[in-house]
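Spelled out from the first residue to the last, the chains are:
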Amino acid sequence: MTRQEEQINAFLVEVFNDVLRLEEEHLRGLGGKRLSVSEMHVLEAVQQRGGADISMRQLAAGLGVTASTLTIAVKTLERKGYLVRLRPLPDKRRVVVQLTEPAQRALQAHARFHQALVQQVSARLTGAELDALCQALAQLHGFFTELSREGGRPAFPQTGT
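Residues numbered from 1 in each chain as written. Predicted model: local features only at pLDDT ≥ 70, side-chain atom pairs only at ≥ 80, totals over all residues. Heavy atoms only, no water.

On to the packing of helix 2 (residues 37–48) against helix 4 (residues 67–80), then. It is the contact of helix 2 with helix 4, at a shortest axis distance of 10 Å, that shows an interaxial angle of 90°. Of the possible angle classes, the one that applies to helix 2 and helix 4 is roughly perpendicular. Residue-level contacts link Glu-39, Val-42 and Leu-43 of helix 2 to Leu-70, Ala-73, Thr-76, Leu-77 and Lys-80 of helix 4. Here the residues of the contact of helix 2 with helix 4 sort into 5 nonpolar, 1 polar and 2 charged. (Axes fitted to C-alpha atoms, helices over the stretch in contact; angles between N-to-C directions. Helix = DSSP H or I, 4+ residues; strand = E, 2+ residues; numbered from the N terminus. Parallel < 35°, antiparallel > 145°, perpendicular 65-115°, else oblique. Contact = heavy atoms within 4.5 Å. Nonpolar A, V, L, I, M, F, W, Y, C, P; charged D, E, K, R; others polar.)

On to the nonpolar core, then. Of all hydrophobic cores here, the largest spans 26 residues; its most connected members are Met-40, Leu-43, Leu-59 and Leu-83. Secondary-structure elements contributing two or more residues to this core are helix 2, helix 3 (56–63), helix 4, strand 3 (96–99) and helix 5 (101–123). Among the elements that make up this core, the one with the highest residue count is helix 2 (6 residues). Residues in contact with Leu-59, not counting those within four places in the same chain, are Val-42, Ala-45, Val-46, Ile-54, Leu-70, Val-74 and Val-97. (Core = buried A, V, L, I, M, F, W, Y, C linked by side-chain atoms within 4.5 Å. Buried < 20%, exposed > 50% of the residue type's maximum accessible area, 1.4 Å probe, protein only.)

Turning our eyes to something else, we now look at the sheet that holds strand 3. Sheet architecture is open: 3 strands sit in the order 1-3-2, paired in antiparallel fashion. Two strands lie at the open edges of the sheet, namely strand 1 (54–55) and strand 2 (83–86), each paired on one side alone. Examined bridge by bridge, strand 2 and strand 3 share 4 bridges and lie antiparallel to one another. Note that in strand 3 the partner of Arg-85 across the bridge is Val-97. (Pairing = 2+ DSSP bridges.)

Turning next to the environment of Ile-72. Along the chain, the position of Ile-72 falls in helix 4. Here Ile-72 falls in the exposed class, since its relative accessible area comes to 58%. Between the alpha carbons of Ile-72 and Ala-138 there is a distance of 33 Å; along the sequence they are 66 residues apart.

Right, let's talk about the pattern of salt bridges for a bit. Taken as a whole, this structure holds 5 salt bridges when the rule is applied. If you follow the salt bridges from partner to partner, you end up with Asp-18, Arg-21 and Glu-25 in one network. (Salt bridge = Lys/Arg side-chain N within 4 Å of Asp/Glu carboxyl O.)

This part takes up the environment of Leu-22. Mapped onto the elements, Leu-22 comes out in helix 1 (residues 3–29). Counting along the chain gives 95 residues from Leu-22 to Leu-117, while the straight-line C-alpha distance between them is 9.5 Å. Residue contacts for Leu-22: discarding those within four places in its chain leaves Phe-113 and Leu-117.

Next up on the list: the packing of helix 1 against helix 5. One way to put it is that helix 1 packs onto helix 5 with a least axis distance of 11 Å and a crossing angle of 140°. As the angle between them shows, helix 1 and helix 5 are arranged oblique. Here helix 1 and helix 5 pass one another in a crossing that is right-handed. Within the contact between the two elements, helix 1 uses Leu-22, Glu-23, His-26 and Leu-27 and helix 5 uses Ala-109, His-110, Phe-113, His-114 and Leu-117. Residue composition of the contact of helix 1 with helix 5, by class: 5 nonpolar, 3 polar and 1 charged. (Left-handed = near helix turned anticlockwise from the far one by under 90°.)

A few words on the confidence of the model for the protein chain. Looking at the protein chain as a whole, its pLDDT mean stands at 87, while 90% of the residues score no less than 70. Helix 5 holds the highest mean pLDDT among the elements of the protein chain, 94, whereas strand 1 holds the lowest, 75. (pLDDT = per-residue confidence, 0-100.)

Attention now goes to a nonpolar patch on the surface. A contiguous nonpolar patch, built from Ile-8, Leu-12, Val-121, Leu-133, Leu-137, Leu-140, Phe-143 and Phe-144 and spanning about 650 Å² of accessible area, is present on the exposed surface. Secondary structure elements with two or more residues in the nonpolar patch: helix 1 and helix 6 (127–149). In terms of residue count, helix 6 provides more of the nonpolar patch than any other element does, 5 residues in total. Mapped onto the elements of the fold, Phe-144 is located in helix 6. (Patch = residues over 30% accessible without salt bridge, like charges linked within 9 Å, V, L, I, M, F, W, Y side chains within 5 Å. Areas by Shrake-Rupley, 256 points an atom, 1.4 Å probe, with all protein chains shown as cover.)

What follows is the structure, encoded as structure tokens:
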């Protein structure tokens, strides 16, 4: 790897770990039952549907997880009082999830955390630096989205052996 590629690798790993650590610390400070980062992401996915009832199948697809993985997470969130599962009429086979009031409060607090984090980063950069960062992050996001569609494995260079 070149020096720049080594720096990119270090930054990707370190920034990911830094943000994850900060999110975990923030979630520990919320009132109510403790939430993990992945549990908060499930709540955010439900919220992104605009408060409408969302089926377990839709939620699993949106999160890119299996139905069984989601079922475990939803059961935990239901036990903690953040989600409720319902079987609406007429099809009792269909299961939908709804956010509870404690979930709404946790999501609002988490949104304020992200807003403060972004504002503090933005305050340290010039307008040109912010533009460059946004452009670079958009390209990075596009790359990871494409990589995810291709099965999540980067292409390895061909060797002469």
